[in-house]
Amino acid sequence: MPHYHLSSQNPLSGFLQIRTSIENIATTEVYLQLPAWRPGRYELQNFAQKLQAFEVLTPDGSPLPFRKETKDRWRVETQGHQTLEVRYNFFARQMDAGGSWLAQDFLYVNPVNCLLTALGQEQEPCTLTLEIPDDWQIACGLSVSAPRTLQAQNFDHLVDSPFISSATLQHQVYEEGGILFHVWFQGDCTPEWKQILPHFQAFTKEQLDLFGSFPVKDYHFLNIILPFQHYHGVEHLNSTVITLGPSEQLMTPAFYKELLGVSCHELFHTWNIKQIRPKEMLPYDFTRENYFRTGYVAEGVTTYYGDYLLARSGVFTSEQYFQELNTVLKRHTVDQGEQNLSVADSSFDTWLDGYKPGIPDRKVSIYHKGCIAALVLDLEIRKATQNARSLDEVMRRMWLEFGQPGIGYAEEDYQRLAEEVAGVSLEQYFREMVFGTTAFDTWLAPALEYVGCLLEKEPAALAYESTYGFRLNAALSSASVIGYVVPNSPAAQILSLDDELIAINGRKVENSNLANLVKGQAELEITLFRQKRLKTVKLKPDDTVYLPQYCVKKSQSATAEQQANFKAWLKQDFRDTAKATKA
């Protein structure tokens, strides 16, 4: 049984001291493997770069020879010893929902970042002992087998169980369906439990009703509330880590809405990806990329349900839900990537550049395009079955046929189940929306009509975006620098990324006055710096509207049938215009 021990000689240094005891060795060599990535973020993260002072010792403290075989694998010569201890320092200074953080007043660890395993012993039970002050609590999905000692069934269980430990943890519990759900807060904040717990219970019940059963015996929401602007969440076996800020805004409407949204999203992952898992990831291989093309199921469907179920459970009004949906549309249409790479191919490429902007117009987000695709599929199934069935039935069958028995699903399984539930062929939908590059509004606009809603297309708020097809780099507030250019737009023939605009028709560009300088002009004479060289160019508009904004709204002329469809879909009356009294 592997035993892990975590301590810190000086929390201010950011370094954890980690000891791993490996027993029952019967070979002349042992291979030690540190994960190269973590579940929930499908890119190599190379955690080994955060290790320092690596050594391997015999039981009497003598050093054993070792050699690094790959970036995160070591070969150790055992010299006949049946037990050895691995020691190293780990730099825990990554504050987000996927990292680890060491401070004087609290400890937060994702074990997948920092714990290694002996190859061949991955399925053995293991323990993790924390050297922490006596008055510190531990928030974690693992069971406690001894004081400050956590027990895991195997290495995968251990590294999928993050924890927070401090003397200032705030904790409440609610029960739904006989299952205990723990809500933890770490940070300088004041949760309003009388508001939080009923809302969490409402969306939890909606999810349990959807799937019919829960994969784990209990669940933990591990919230780290930070003193600065932040937003991140990561799913785990029976827990989630959520990092949000700033802390003083926790219960304000905007912040609280984000807490609800990410919490509902991450809970849905307990079924969808932690259990309903593509065959390429069953089991996880932490040594290399685990390529898969169904990110539109793992993240897209979850993104859809994360906000949709808040409306269906009555936590969000329909207007609040549409606000979140319109944010997804805004993020999806930020560039023209949809024209060049399908959401299935973009899923495969998360391992290449899925979590950074990358080159212009290369790919789509599996979260945003996947969410839109899931919404369309839900409405298509409802339309084909006159509301008798929906995407709920597809996900329930995914759970019963694949997740619950522990069988990985193939890409074609999702389409097959969707078509069986719908009772019609969905070949064109999958060919265009999932595997192709058809514009999203081609499908979304008619799908929304079924529930009496419209997909409205409006010009961009800024005239230079709408008329000429370029956008400024928002990260550079002190200068007017080109951040994006629409292909085949007027700007594409004249302007380039990183051009710094100096003057428009002889007037200096300053103090965010670009929109006013452009407004009403038939032609622009632009003075700019390009690669530190001063240039003057002329820009003329054409008849196309570029970078349009899309939003979903209720149709004022919705029929009684459409309004009934709306209620069947959202569980809210179509004409209900209640204010946001809940979130």
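Reading the values: rules and limits
Residues numbered from 1 in each chain as written. Predicted model: local features only at pLDDT ≥ 70, side-chain atom pairs only at ≥ 80, totals over all residues. Heavy atoms only, no water. Pairing = 2+ DSSP bridges. Helix = DSSP H or I, 4+ residues; strand = E, 2+ residues; numbered from the N terminus. Axes fitted to C-alpha atoms, helices over the stretch in contact; angles between N-to-C directions. Buried < 20%, exposed > 50% of the residue type's maximum accessible area, 1.4 Å probe, protein only. Contact = heavy atoms within 4.5 Å. Core = buried A, V, L, I, M, F, W, Y, C linked by side-chain atoms within 4.5 Å. Salt bridge = Lys/Arg side-chain N within 4 Å of Asp/Glu carboxyl O. Phe/Tyr/Trp six-rings, centres within 6.5 Å; stacked < 30°, edge-to-face > 60°. Lys NZ or Arg CZ within 6 Å of the ring centre and 35° of its normal.

Visitor: What should I look at first to understand the sheet that holds strand β4 (residues 51–57) in this one?
Guide: Sheets are built from strands that pair by backbone hydrogen bonding, the pairs being arranged parallel or antiparallel. In space, the 7 strands of this open sheet follow the order β4-β7-β2-β1-β11-β14-β13, with mixed pairing throughout. Of all the strands in the sheet, the pair left with one neighbour each is β4 and β13 (143–146). With direction set aside, neighbouring strand axes in the sheet form an average angle of 25°. For strand β1 (residues 3–7) and strand β11 (residues 126–130), the ladder comprises 4 bridges, and the chain directions are parallel. Looking across to β11, one finds that Tyr-4 is bridged to Leu-128.

Visitor: Please clarify how the pairing of strand β19 (residues 230–235) should be interpreted in this entry.
Guide: Successive residues of a regular strand alternate their side chains across the two faces of the sheet. Here β19 lies mainly inside the structure; 5 of its 6 residues are buried. The turn linking β19 back onto strand β20 (residues 239–245) is made up of 3 residues.

Visitor: Can you walk me through unusual backbone geometry in this structure?
Guide: Keep in mind that most residues, glycine aside, have a negative phi and that most peptide bonds are trans. A cis geometry characterises the amide bond from Gly-245 onward to Pro-246, with omega recorded as 5°. The residue Pro-246 is located in the loop between β20 and α4 (253–268) in this model. Of note, the bond from Leu-282 into Pro-283 is cis; its omega dihedral lies within 30 degrees of zero at 0°. Tracing the backbone shows Pro-283 in the loop between α4 and α5 (295–312). One non-glycine residue, Lys-571, lies in the positive phi region at around 60°. With respect to the helices and strands, the residue Lys-571 is situated in the segment after α16 (560–570).

Visitor: Quick question: what am I supposed to make of the side chain of Ser-21 here?
Guide: As for its position among the elements, Ser-21 is in strand β2 (residues 15–22). Once you skip the residues sitting within four places of it in the chain, Ser-21 turns out to touch Met-1, Pro-2, His-3, Thr-83, Leu-84 and Glu-85.

Visitor: Mind showing me how you'd approach the nonpolar core here?
Guide: Most often, soluble globular proteins keep nonpolar side chains buried together rather than apart. One finds Tyr-304, Tyr-305, Leu-391, Tyr-414 and Trp-569 to be the most contacted residues of the largest nonpolar core, which totals 95 residues. Excluding its chain neighbours within four sequence positions, the residues that come into contact with Trp-569 are Tyr-304, Tyr-308, Arg-312, Tyr-321, Phe-322, Leu-375, Asp-378, Leu-379, Arg-382 and Val-451. Ala-118, Leu-130, Leu-142 and Val-159 belong to the second-largest nonpolar core, a separate cluster that totals 53 residues.

Visitor: Sorry, what's going on with the pattern of salt bridges here?
Guide: Two side chains with opposite charge may pair up if their charged atoms get near one another. Under the counting rule described, the total for this entry stands at 37 salt bridges. Here Asp-345 and Arg-293 are joined by a salt bridge, their closest N and O atoms 2.5 Å apart. One end of the pair, Asp-345, is in helix α7 (residues 343–348); the other, Arg-293, is in the loop between α4 and α5, and 52 residues separate them in sequence. Accessibility expressed as a relative area gives 27% for Arg-293, which makes it partly exposed. Look at the salt bridges and you will find they share partners, linking Arg-397, Glu-401, Asp-413, Arg-416 and Glu-420 into a network.

Visitor: Mind showing me how you'd approach the packing of aromatic side chains here?
Guide: Each aromatic ring pair is characterised by the separation of its centres together with the angle its planes make. Evaluated as defined, the whole model comprises 44 aromatic pairs. Centroid distance Phe-268 to Tyr-305: 4.8 Å. Interplanar angle 15°. Geometry classified as stacked. With Phe-268 in helix α4 and Tyr-305 in helix α5, this pair connects stretches of sequence that are 37 residues apart. The same class applies to Phe-268 and to Tyr-305, which are both buried. Their ring planes at 20° and their centres at 5.1 Å tell us that Tyr-464 and Phe-470 sit as a pair that is stacked. On the basis of relative accessible area, Tyr-464 is assigned to the buried category, the value being 6%. Here the guanidinium or amino end of Arg-277 rests over the ring plane of Tyr-284, the centre of that ring lying 3.9 Å away. Looking at Lys-554, its charged tip hangs above the ring of Phe-574, at a distance of 5.5 Å from the centre.

Everything listed is a geometric property; what it means functionally is a separate question.
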